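Observations on chain architecture
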Amino acid sequence: MAEKMKEIVVTAMEAGQRLDKLLARYLKEAPKSFLYKMLRKKNITLNGKKADGSEKVKEADRIRLFFSEETLAKFTGTEKAGLAMQEEFPDTKLDIIYEDENVLLINKPAGMLSQKAGRQDVSLVEYVIGYLLRSGSITRENLDYFRPSVCNRLDRNTSGIVAAGKTIAGLQELSRMFRDRAMHKYYRCLVKGELKESCRLSGYLVKDEKRNQVRISREKQPDSQPIETEYMPVRTGNGLTLLEVKLITGRSHQIRAHLASVGHPIVGDTKYGDEKVNERFFREYGLKYQLLHSYRMELPKLSGALENLSERVFLAKLPDYFQRILDSELKKRNSSAFS
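Scope of this entry: the structure provided in the associated data block. (Residues numbered from 1 in each chain as written. Predicted model: local features only at pLDDT ≥ 70, side-chain atom pairs only at ≥ 80, totals over all residues. Heavy atoms only, no water.)

1. Digging into the overall build of the chain
- In terms of helices and strands, the chain carries 9 helices and 14 strands.
- In terms of overall size, the chain is more extended than a compact globule, its C-alpha atoms giving a radius of gyration of 28 Å where 339 residues would be expected to give roughly 20 Å.
- When its C-alpha atoms are laid out on the principal axes, the chain stretches across 85 × 40 × 40 Å.
- Relative to its 339 residues, the chain shows a buried fraction of 45%.
- Residue pairs at least 24 apart in sequence account for 64% of intrachain contacts in the chain once pairs closer than 6 positions are excluded.
- Total accessible area on the chain stands at roughly 18600 Å², and carbon and sulfur atoms take up 46% of it.
- The centroid of the 60 positive side-chain charges in the chain is displaced by 2 Å from the centroid of its 46 negative side-chain charges. (Helix = DSSP H or I, 4+ residues; strand = E, 2+ residues; numbered from the N terminus. Rg over C-alpha atoms; globule rule 2.2 N^0.38 Å. Buried < 20%, exposed > 50% of the residue type's maximum accessible area, 1.4 Å probe, protein only. Contact = heavy atoms within 4.5 Å. Areas by Shrake-Rupley, 256 points an atom, 1.4 Å probe, with all protein chains shown as cover. Lys, Arg positive; Asp, Glu negative; His and termini not counted. Charge placed at Lys NZ, Arg CZ, Asp CG, Glu CD.)

What follows is the structure, encoded as structure tokens:
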């Protein structure tokens, strides 16, 4: 087991205390008997000399620890912290569309929560933090005063572009842009029925918090929110249509419920969809998710923390299962039209 040297330089804040007290704080998992044994054997030295632990340390004093990496990790608690980090911020491969010092754009897979719904959940937020910790973009100490987070939420079973702020400035500016609807967001979805013309739908959305469901009304209702949804057919066939949908407003379940309310539910949507259609697609393709994908994000002219994103367009590739179903159902020879 290779021995390593770790040097601690005493700061002004730490000066004036006994050496053994400082060591006990730094090596918080080590028994006192171990500390004194290491001092006696000169595995711990003060300014290059043997010490007994009673010395008062001064600013800029140098304490050297001659331990293996495993021993140091064990007694500083970083071994436990590392295990805790793996549990709290597990590692997973993220499909990163874009990254700079302030923001991260991810192609979220269907089946993953954007944010926690309960204490025990692991969401895209935790995966993003884990990715940033492991890449060295942030440290555990940074998390004491700021936690990176996502700025837009997709339903668990919806895939596509999610924006996250890596810094306070990035998070604030992204959140403001989403709140002010300063960008254009487009989705791709496969729906029941063959639609030939573009359309702009208007209505009112009423939330049922207990059932985590919404309903659409043509007339204003108590506690309702106005909604607008635009769609354009991309390709039709076999009683289905691939739509490109533009969100004018962005309410919970808006696209899913709005399209279902006019008789064109999204394939695979178990909450607002057509049961017979969903059964067929599960039987033939094993489809578990609604075929709804946040496909394109068009950004306005920007400055400050988001200057790198100014007037750019970002695309998120369709999931493989979505692409396979399109190719099979719509008999498209050149599948690149849906990429």
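2. Brief notes about the state of the cysteines
- As enumerated under the stated definition, the model contains 0 disulfides in all.
- Counting only cysteine sulfurs, C189 is the nearest neighbor of C199, a cysteine outside any disulfide, at a range of 13 Å. (Disulfide = S-S within 2.5 Å.)

3. Quick word on helix α5 (residues 124-135)
- Over its 12 residues, α5 runs 16 Å from end to end, which matches the ideal 16 Å to within 8%, given 1.5 Å per residue.
- The buried count for α5 comes to 9 of 12 residues, which makes it a mostly enclosed element.
- Listed as buried for α5 are L124, V125, E126, Y127, V128, I129, G130, L132 and L133.
- One or two positions beyond α5, positive phi appears at G136, with a value near 85°. (Expected span 1.5 Å × (residues − 1).)

4. Side note on the pattern of salt bridges
- Per the counting criterion, the structure on display carries 20 salt bridges.
- Residues K317 and D320 are paired through a salt bridge, measuring 3.3 Å at the closest nitrogen-oxygen approach.
- The class of K317 is exposed, set by a relative accessible area of 52%.
- Each of E173, R176, R179 and D180 takes part in a single network of salt bridges with overlapping partners. (Salt bridge = Lys/Arg side-chain N within 4 Å of Asp/Glu carboxyl O.)

5. Re the packing of helix α1 (residues 19-26) against helix α2 (residues 32-40)
- Relative orientation of the contacting elements α1 and α2 amounts to 120°, with a least axis distance of 10 Å. Overall, the two elements α1 and α2 adopt an arrangement that is oblique. As for how α1 packs across α2, the hand of that crossing is right-handed. Judged by residue contacts, L19, D20, L23 and A24 of α1 engage L35, Y36 and L39 from α2.
- A class-by-class count of the residues in the contact of α1 with α2 yields 6 nonpolar, no polar and 1 charged. (Axes fitted to C-alpha atoms, helices over the stretch in contact; angles between N-to-C directions. Parallel < 35°, antiparallel > 145°, perpendicular 65-115°, else oblique. Left-handed = near helix turned anticlockwise from the far one by under 90°. Nonpolar A, V, L, I, M, F, W, Y, C, P; charged D, E, K, R; others polar.)

6. Focus on the packing of helix α8 (residues 275-285) against helix α9 (residues 320-329)
- Orientation of α8 relative to α9, taken along the N-to-C sense of each, is 100°, at an axis distance of 12 Å. With respect to each other, α8 and α9 are oriented roughly perpendicular. Contacts from R280, F281, E284 and Y285 of α8 reach α9 at I325, S328 and E329.
- Residue classes in the contact of α8 with α9 are distributed as 3 nonpolar, 1 polar and 3 charged.

7. Describing the environment of I266
- Following the sequence through the fold, I266 ends up in the loop between α7 (254-261) and α8.
- For the pair I266 and Y285, spaced 19 residues apart in the sequence, the C-alpha separation amounts to 15 Å.

8. Considerations on the nonpolar core
- Within the largest apolar cluster, 31 residues are counted, with the highest numbers of intra-cluster contacts made by L124, C189, L243, V245, I255 and L259.
- Taken together, the elements giving at least two residues each to this core come down to β5 (103-108), α5, β7 (159-165), β8 (184-192), β12 (240-247) and α7.
- The dominant element in this core, judged by the number of residues it contributes, is α5, at 7 residues.
- The contacts of C189, once residues within four sequence positions are left out, are T241, L242, L243, V245, L259, I266, L291, L292 and F322. (Core = buried A, V, L, I, M, F, W, Y, C linked by side-chain atoms within 4.5 Å.)

9. A word on the packing of aromatic side chains
- Counted by the stated rule, this structure contains 5 aromatic pairs.
- Ring geometry for F34 versus F67: centroids 5.7 Å apart, planes at 55°, classification tilted. Separated by 33 residues along the polypeptide, F34 in helix α2 and F67 in strand β3 (residues 62-68) bring together distant segments of the chain.
- Looking at F34, the relative accessible area reads 17%, which means it is buried.
- Residues F34 and F75 carry aromatic rings whose centres are separated by 4.5 Å and whose planes lie at 40° to one another, so their mutual orientation is tilted. Separated by 41 residues along the polypeptide, F34 in helix α2 and F75 in helix α3 (residues 69-76) bring together distant segments of the chain. The pair formed by F34 and F75 is uniform in burial state, with each residue classed as buried.
- Linked through ring pairs, F34, F67 and F75 together constitute an aromatic cluster.
- The side chain of R188 reaches across the aromatic face of Y295, ending 4.2 Å from its centre. (Phe/Tyr/Trp six-rings, centres within 6.5 Å; stacked < 30°, edge-to-face > 60°. Lys NZ or Arg CZ within 6 Å of the ring centre and 35° of its normal.)

The values are spatial; any link to function lies outside them.
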